[in-house]
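For reference, the chains in residue letters:
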Amino acid sequence: MKTSRLIGVAFKQLGKNKLRSFLMMIGIVIGIIALTLVVSAGLGAQKRIMERVGKFGLDSLMVFSGGGREMGRPTGEQPVANLKTDDAEALKQEIKGIEELAPFNRKSQNEIIFQDRSTVATIFGVTPSWAPVWDWDAREGDFISEEDIDRLARVAVVGETVRQELFGNLNPIGEFIRVGNIQFEVKGIMQIKGTSPGGGDMDNRVYIPLTTFMRRVANVDYLAGIKVRLESHKDMDKVAQEIQSLMRERHRIAAGMPDDFTVRTPDEVKEMAESVAGTFNILLIIIAGVSLIAGGVVVSNIMLISVSERRKEIGLRKAVGAQRKHILFQFLLESTAVTLTGGALGIVLGVLGTRIMVLLTDMPTSISWEIVAVGAFCSCLVGMIAGLQPARRASALQPTEALRS
Amino acid sequence: MNNALIQAKNITKIYNKGASAEVKAVYDVSLDIIKGEFVAIMGASGSGKSTLMNILGCLDRPTSGVMVLDDTEVSRLGDEELARVRNKKLGFVFQMFNLLSRTNALENVELPLIYSDRSNITRLARQALETVGLKDRISHYPGELSGGEQQRVAIARALVNDPEIIFADEPTGNLDTRSSYEIMSLFQRLNKQGRTIVVVTHETNIAEHTERIIRIADGRLIEDKRNPHPKSAGEELKNIPSEEGDNENK
């Protein structure tokens, strides 16, 4: 009852001095706008990372050819050529918990020609298990089959980007494309996948049988990598370790020598992407924090001025029976109400700003209740901290002192 | 003297105690105020009368001496307890009116009740404004009211918590003669209804409206006498020509 009256007093006082309240608010509004933009961009980036990791599959891991001392994705041309088809078969037979695996090789920057058109794409040599392991099949026509593998067929499945570049409105199935001097019959079109965790276009690809790739296109006897799909995500670390020891054994790597292959789990991929985004976010949050602190200093300053301006009011309130805590509460509430209102305004403008940012740039953003919560919490906190000293000063005034004109 | 509302014994107030600039604002003052009295505390400016009123009104504590209000020794209470006492038992009227600007009459009168446990504060504030004859000025802002009307709002504010005593510090100091008499007439009427009122003033003709006049000089009580025939402010008002724009109600 009494508390609600005191809340009423605080809000009335703010309403009576609109200019002062507005000036106090503006710093907070700017701070919260900044914070909202930063948080929504941060959450957006995180969401995009999760989406990309999700595309790779949380229950899958990768075995790459070559040691993993340097970070980053191995390129198509492997410096170490030691991962063999036999290795893939051994993994599947000897390690429990593997549902399916897809050995592959690839070659980037190939000119693909159809009639008088050409485009540059990555060629993947794959097996039929690619489709279930990546959860990624032909959306029209057929994917590479066992039979294609056995007879080293000259067939290809094209990605969406390649289809658009070469065929436009034409139906590519049954048409022939040329890579180097080998003709491939297009037998399917892949489902659209979009961007990879590393940022590459996963649709700018041409898939051919792994055997055809190794013998006829690249003339190699090794793989670029094997994607391994596990029965359960829970076994990830255990299976990764087993793969490592089996591979070391098969490749006869002496104890103490580094691996000549790399096992990469999705957790690692996620961590890498997040640490990059995280550094950036911390920087932005610091900037937003600084502007919030500046806003808080403004609030604190104006409140202090207002306390000395309002000595009479405070004295009068005390004379008619206001206690220390009432005055303290009123002034704290005033500053908190200002910053909360500023915060609400900042959140609204920040969300609008985020939408504009989405329209103008391709930045990923995410608007969610967390932003509202963070904004409201921060503005409330700033208000309390900024109002504390002025409120204490106001509440310490003696009634007689304050009434003296 | 058991029905004394206020018992002040040997009240002394010293500022800057112990320093070379020590000021004895009030020195060894003893007095009782009985329930229902209308008292004037008189003295020149700087005589210590306002300091004395602050102590009697529980706005300040004496340096030494005992101050008992309504059987409570208030000179020993802390700030918060004093605030509670003021809120419950005392009402104040100031020379400068001290109304909150940009706050209408009704809200100004409600002010003491905000800090009380009472409910229906709007109804009580309305009643108080009615008592001082400002029923039709309820939603006016101080800037829209004459000096006399502002002081009547202040009196309504002092009345609203139904106090034991009303203290008025130079209540007519900022008013013209006619408004001054209106205010004194209002005080006389309230006193007749049983209110205990203490007015601090330096004007003899204002003090003459009260029943008892206490004189203070250099912080000491020099005279405390009955005024058996207080002047009636209402009678005097009849002899003052009404000014234009001045309202006649009351």
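Rules used throughout
- Residues numbered from 1 in each chain as written.
- Chains lettered and ligands numbered in written order.
- Predicted model: local features only at pLDDT ≥ 70, side-chain atom pairs only at ≥ 80, totals over all residues.
- Helix = DSSP H or I, 4+ residues; strand = E, 2+ residues; numbered from the N terminus.
- Buried ≥ 20, exposed ≤ 12 C-beta atoms within 10 Å, placed from the backbone.
- Contact = placed C-beta atoms within 7 Å.
- Pairing = 2+ DSSP bridges.
- Axes fitted to C-alpha atoms, helices over the stretch in contact; angles between N-to-C directions.
- Expected span 1.5 Å × (residues − 1).
- Bend = angle between axes of the 7 residues up to and from the residue.
- Nonpolar A, V, L, I, M, F, W, Y, C, P; charged D, E, K, R; others polar.
- Core = buried A, V, L, I, M, F, W, Y, C linked by C-beta atoms within 7 Å.
- Parallel < 35°, antiparallel > 145°, perpendicular 65-115°, else oblique.
- Left-handed = near helix turned anticlockwise from the far one by under 90°.
- Arc of directions from axis to C-beta.

Q: It is not clear to me how the overall build of chain A should be interpreted in this structure. Could you clarify?
A: Across its full length, chain A carries 13 helices and ten strands. In chain A, which comprises 405 residues, the proportion classed as buried is 39%. The long-range fraction of contacts in chain A, counting pairs at least 24 apart against all pairs at least 6 apart in sequence, stands at 82%.

Q: Whenever I open this one, unusual backbone geometry confuses me. Can you help?
A: With the exception of glycine, most residues fall at negative phi, and the peptide bonds are largely trans. With a phi close to 50 degrees, arginine 252 of chain A is a non-glycine residue in the positive phi region. Mapped onto the elements, arginine 252 of chain A comes out in the loop between helix H8 (236–250) and strand E10 (261–264). Although it is not a glycine, cysteine 58 of chain B sits at a positive phi angle of roughly 60 degrees. Position of cysteine 58 of chain B relative to the elements: it lies in the loop between helix H1 (49–56) and strand E4 (64–69). The class of cysteine 58 of chain B is buried, set by 27 C-beta atoms lying within 10 Å.

Q: Is there a simple way to explain the sheet that holds strand E8 (residues 196–201) of chain B in this structure?
A: Note: strands within a sheet are paired through backbone hydrogen bonds, in either parallel or antiparallel orientation. Residue and element names in this part refer to chain B. The sheet built from six strands is open, its strands ordered E6-E7-E8-E3-E9-E10 with mixed pairing. The sheet terminates laterally at strand E6 (90–93) and strand E10 (220–226), the two strands that pair on one side only. Direction aside, the axes of adjacent strands within the sheet are offset by 15 degrees on average. Along the sheet, helix H5 (residues 147–159) makes contact with E6 and strand E7 (165–169), crossing E6 at roughly 170 degrees.

Q: I would appreciate a short explanation of helix H2 (residues 18–56) of chain A in the present structure.
A: Side chains that are three or four residues apart share a direction in an α-helix, a result of its 3.6 residues per turn. Residue and element names in this part refer to chain A. Counted at 1.5 Å a residue, the expected span for H2 with its 39 residues is 57 Å, and the 55 Å between its end C-alpha atoms agrees. At methionine 25, H2 shows its maximal kink, close to 30 degrees. Glycine 57 sits one or two positions beyond H2 and adopts a positive phi of about 105 degrees.

Q: I tried to follow the sheet that holds strand E1 (residues 4–15) of chain B on my own but got confused; where do I start?
A: Residue and element names in this part refer to chain B. Read across the sheet, four strands follow the order E2-E1-E4-E5 without closing on themselves; strand pairing throughout is antiparallel. A single partner strand is all that each edge strand has here, and the edge strands are strand E2 (23–34) and strand E5 (72–73). Strand direction decides the pairing type here: E1 and E2, joined by eight bridges, are antiparallel. In the strand pairing of E2, alanine 8 is matched with leucine 31.

Q: Where do I start with the interface of chain B and chain A in this structure?
A: Size of an interface: often given as the accessible area lost when the parts come together. Facing 22 residues of chain B, the contacting portion of chain A comprises 21 residues. For the side of chain B that touches chain A, the elements supplying multiple residues, two or more each, are helix H2 (79–89) and helix H3 (105–114) of chain B. It is H2 of chain B that provides the largest number of residues to the side of chain B that touches chain A, a total of six residues. In terms of residue class, the side of chain B that touches chain A is made up of ten nonpolar, five polar and seven charged.

Q: Just to check I follow, could you spell out the nonpolar core for this structure?
A: Proteins that are soluble and globular tend to have nonpolar side chains buried together. If you look at the biggest cluster of nonpolar residues, it comprises 118 residues, and the most contacted ones within it are Ile41, Val109, Ala156 and Val198 of chain B. Here this core takes 14 residues from H2 of chain A, the largest share from any one element. In this view, alanine 156 of chain B contacts Val109, Ala128, Leu129, Thr131, Val132 and Leu134 of chain B; residues no more than four positions away in its chain are not counted. Membership of the second largest hydrophobic core comes to 48 residues, among which are Leu83, Phe104, Phe143 and Leu166 of chain A.

Q: Help me understand the packing of helix H1 (residues 2–16) of chain A against helix H11 (residues 324–360) of chain A in this model?
A: Each pair of packed helices can be summarised by the angle the axes make with each other and by the distance between the axes. All names here are of chain A. Closest axis-to-axis distance for the H1/H11 pair is 9 Å, and the angle between their directions is 55 degrees. Viewed along their axes, H1 and H11 adopt a mutual orientation that is oblique. Here the hand of the crossing between H1 and H11 comes out right-handed. Judged by residue contacts, Leu6, Ile7, Val9, Ala10, Phe11, Gln13 and Leu14 of H1 engage His326, Phe329, Gln330, Leu333, Glu334, Ala337 and Val338 from H11. For the contact of H1 with H11, the class distribution of residues is ten nonpolar, three polar and one charged.

Q: In this structure, what is going on with the packing of H3 of chain B against H5 of chain B? I would like to understand it.
A: All names here are of chain B. For the pair H3 and H5, the least separation of the axes is 7 Å and the interaxial angle reads 35 degrees. In this structure, H3 meets H5 at a crossing whose hand is right-handed. In this structure, H3 uses Ala105, Asn108, Val109, Leu111 and Pro112 to contact H5, whose residues at the interface are Val153, Ala156 and Arg157.

Q: I would appreciate a short explanation of the pairing of strand E1 (residues 60–65) of chain A in the present structure.
A: Residues and elements named next belong to chain A. A large share of E1 lies buried, amounting to five of its six residues. Bridging between E1 and strand E9 (residues 225–230) involves five bridges; their strand directions are antiparallel. Considered in E9, the bridge of valine 63 is made with isoleucine 226. Pairing analysis gives four bridges linking E1 to E10, with the strands arranged antiparallel. By the bridge assignment, valine 63 is partnered in E10 with valine 263.

Q: Explanation requested: the environment of methionine 384 of chain A in the structure shown.
A: All names here are of chain A. Looking at where methionine 384 falls in the secondary structure, it is placed in helix H12 (residues 369–396). Methionine 384 sits 53 residues away from phenylalanine 331 along the chain, and the two C-alpha atoms are 9.6 Å apart. Setting aside residues no more than four positions away along its own chain, methionine 384 makes contact with Leu332 and Thr336.

Q: In this structure, what is going on with helix H4 (residues 121–131) of chain B? I would like to understand it.
A: All names here are of chain B. Among all positions in H4, only Ile121, Leu124, Ala125, Ala128 and Leu129 are buried. One side of H4 carries all its buried residues, which in axial view fall inside an arc of 135 degrees. Note on H4: the residue one or two positions beyond its end, glycine 133, has a positive phi of about 80 degrees.

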